[in-house]
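Fold and contact review
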Amino acid sequence: MSSTDRLRRYVADECGSCTDEDLSERLAELEELDERTGESDFEADVDLLSALANGTRYKIVRLLHTADDELCVCEISPLLDVSDSAISHALSQLTDAGLVTRRKDGKWRKYEATAQATALLVALDGSRR
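Okay, so let's go over this structure. (Residues numbered from 1 in each chain as written. Predicted model: local features only at pLDDT ≥ 70, side-chain atom pairs only at ≥ 80, totals over all residues. Heavy atoms only, no water.)

1. Quick word on the packing of helix α4 (residues 55–67) against helix α7 (residues 115–127)
Contact pair α4 / α7: the axes reach a minimum separation of 10 Å and the direction vectors enclose 100°. Relative to α7, α4 is oriented roughly perpendicular. On α7, the residues that touch Y58, V61, R62 and H65 of α4 are A117, T118, L121, V122, L124 and D125. Among the residues making up the contact of α4 with α7, the classes are represented as six nonpolar, two polar and two charged. (Axes fitted to C-alpha atoms, helices over the stretch in contact; angles between N-to-C directions. Helix = DSSP H or I, 4+ residues; strand = E, 2+ residues; numbered from the N terminus. Parallel < 35°, antiparallel > 145°, perpendicular 65-115°, else oblique. Contact = heavy atoms within 4.5 Å. Nonpolar A, V, L, I, M, F, W, Y, C, P; charged D, E, K, R; others polar.)

As structure tokens, this is what we get:
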């Protein structure tokens, strides 16, 4: 069974019938919808959300956002129950995703949540009931 067969059945259920023209019209509407989803941003958005889809990475972003200032890795480490290498890897992924910035200060590396991370957290907080 093809995906258009199922769509044909759906359109017939919704409209009472489904001609080839009805099906073509609906497919064109759906293709336009797909184009409006912003395909160029799709991969970047998935990468961004994937970066947050881990407890350690999410907690780091939440800590940096709540701190409202830079934190050194040595300040983050005692708050997480994972190895230093896991923290380092998580921070690297978050930096690559654009959710945190990294700054070298002498022998220390300091991290801060980006505006994008803040916007995501504010949206999440606002969506809770």
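2. Focus: helix α1 (residues 3–15)
With 13 residues, α1 extends 18 Å between its outermost C-alpha atoms, agreeing within 8% with the 18 Å of an ideal straight helix rising 1.5 Å per residue. Taken from the residues just after α1, G16 is the one with a positive phi, measuring 95°. (Expected span 1.5 Å × (residues − 1).)

3. Re the pairing of strand β3 (residues 108–113)
Here strand β1 (residues 71–72) runs beside β3; their pairing, made up of two bridges, is antiparallel. Pairing of C72 across the sheet is with K110, part of β3. Bridging between strand β2 (residues 100–105) and β3 involves six bridges; their strand directions are antiparallel. Residue D105 lies in a different strand from β3, and its bridge partner there is W108. (Pairing = 2+ DSSP bridges.)

4. Points about the sheet that holds β3
Taken in spatial order, the three strands line up as β1-β3-β2 in an open sheet, and their pairing is antiparallel. The sheet is open, and its two borders are formed by β1 and β2, each paired with just one other strand. Docked against the sheet, α4 engages β1, β2 and β3, running at close to 85° with respect to β3. On the sheet, helix α6 (residues 84–96) packs against β2 and β3 and is oriented at approximately 115° with respect to β2.

5. Considering the pattern of salt bridges
Applying the stated criterion across every chain yields a total of six salt bridges. Residues R26 and E29 are paired through a salt bridge, measuring 2.9 Å at the closest nitrogen-oxygen approach. Pair noted here: R26 and E29 are both in helix α2 (residues 20–36), with a separation of three residues, about one helical turn. Residue classification places R26 among the partly exposed positions, given a relative accessible area of 33%. Residue D105 pairs with K110 through a salt bridge whose shortest N-O separation is 3.2 Å. A relative accessible area of 25% places K110 in the partly exposed class. (Salt bridge = Lys/Arg side-chain N within 4 Å of Asp/Glu carboxyl O. Buried < 20%, exposed > 50% of the residue type's maximum accessible area, 1.4 Å probe, protein only.)

6. Here's the deal with a negative patch on the surface
A cluster of acidic residues, D41, E43, D45 and D47, forms a negative patch on the protein surface. By the secondary structure assignment, E43 is in helix α3 (residues 39–52). (Patch = residues over 30% accessible without salt bridge, like charges linked within 9 Å, V, L, I, M, F, W, Y side chains within 5 Å. Areas by Shrake-Rupley, 256 points an atom, 1.4 Å probe, with all protein chains shown as cover. Lys, Arg positive; Asp, Glu negative; His and termini not counted. Charge placed at Lys NZ, Arg CZ, Asp CG, Glu CD.)

7. Quick notes on the packing of α1 against α2
At a minimum axis separation of 10 Å, α1 and α2 run at an interaxial angle of 105°. By the angle class used here, α1 and α2 are roughly perpendicular. Judged by residue contacts, T4, L7, R8 and V11 of α1 engage D20, D22, L23, R26, L27 and L30 from α2. Grouping the constituent residues of the contact of α1 with α2 by class yields five nonpolar, one polar and four charged.

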